[in-house]
Amino acid sequence: MERKPNVAAHHEQDITINRNQAENRAMWLALIFEELEKEVGAEKTEAILRRAIFRHGKVRAAAKKAMHGPIETPEKLSVGFASNLGQRTFEMDHIRYDEKDMKVDFHYCALVNAWDKLGCSDERIALLCDIAMDGDRGFADELGFDLELNGTLANGCDACNLCFHKK
């Protein structure tokens, strides 16, 4: 699927600063992937990065649990899921939840923007996006949820649609 343009609707200074930070981290991921790939091959590189980023998600979730206590419901997961700045940075729709699921849509991705700036192919962008999402998968797993992606900007969808299902 051909990717749609990843165009931000909002450009306030605090959002721009936050996006620049996210782009910087995304560039690290792409460049580390490239260098590791030369040394150990794409398959090993992908596996190593996925494990590390998944672990990072678990660390983030442990910090959330330490701050907010057990996260037993989608409603509790939604509390502080993303700061106001985070929501504006990724142009998230309101976060919705019911007794089993929490859903959120992202309409802009600073990571995809960074990979575009580096000249990554659509295929590489989709791969890097999925690897980066392992952080969110680790986050979900540590909190007792599964993460389902129902489309991503990197794969040509209008939004990244994340659904956290309570295990």
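Anyway, here's the lowdown on the structure attached to this text. Given the structure is predicted, the values throughout are model-derived calculations rather than measurements. (Residues numbered from 1 in each chain as written. Predicted model: local features only at pLDDT ≥ 70, side-chain atom pairs only at ≥ 80, totals over all residues. Heavy atoms only, no water.)

## Description of the packing of aromatic side chains
Under the defined criterion, the tally for this structure stands at 1 aromatic pair. Where F90 meets F106, the ring centres are 5.9 Å apart and the plane angle is 70°; that geometry is what we call edge-to-face. Here the residue F90 occupies a position in the loop between α4 (84-89) and β1 (96-97), and F106 occupies one in strand β2 (residues 101-106), the gap between them amounting to 16 residues. Just as F90 is buried, F106 falls in that class too. A cation sits over an aromatic face here: R19 above Y108, 4.4 Å from the ring centre. (Phe/Tyr/Trp six-rings, centres within 6.5 Å; stacked < 30°, edge-to-face > 60°. Helix = DSSP H or I, 4+ residues; strand = E, 2+ residues; numbered from the N terminus. Buried < 20%, exposed > 50% of the residue type's maximum accessible area, 1.4 Å probe, protein only. Lys NZ or Arg CZ within 6 Å of the ring centre and 35° of its normal.)

## Focus: helix α5 (residues 110-117)
Most of α5 is tucked away: 6 of the 8 residues are buried. Every buried residue of α5 is accounted for by A110, L111, V112, N113, A114 and W115. Packed against the buried residues of α5 are α1 (13-40) and α6 (122-142). Positive backbone phi, approximately 80°, marks G119, located one or two places after α5. (Contact = heavy atoms within 4.5 Å.)

## Comments concerning the nonpolar core
In terms of nonpolar packing, the biggest core is built from 42 residues, with L77, F81, F106, W115, L162 and F164 touching the most fellow members. Residue contributions to this core peak at 7 residues, all from α6. Not counting residues up to four positions away in its chain, the partners in contact with F81 are K64, I95, M102, V104, F106, F139 and F164. (Core = buried A, V, L, I, M, F, W, Y, C linked by side-chain atoms within 4.5 Å.)

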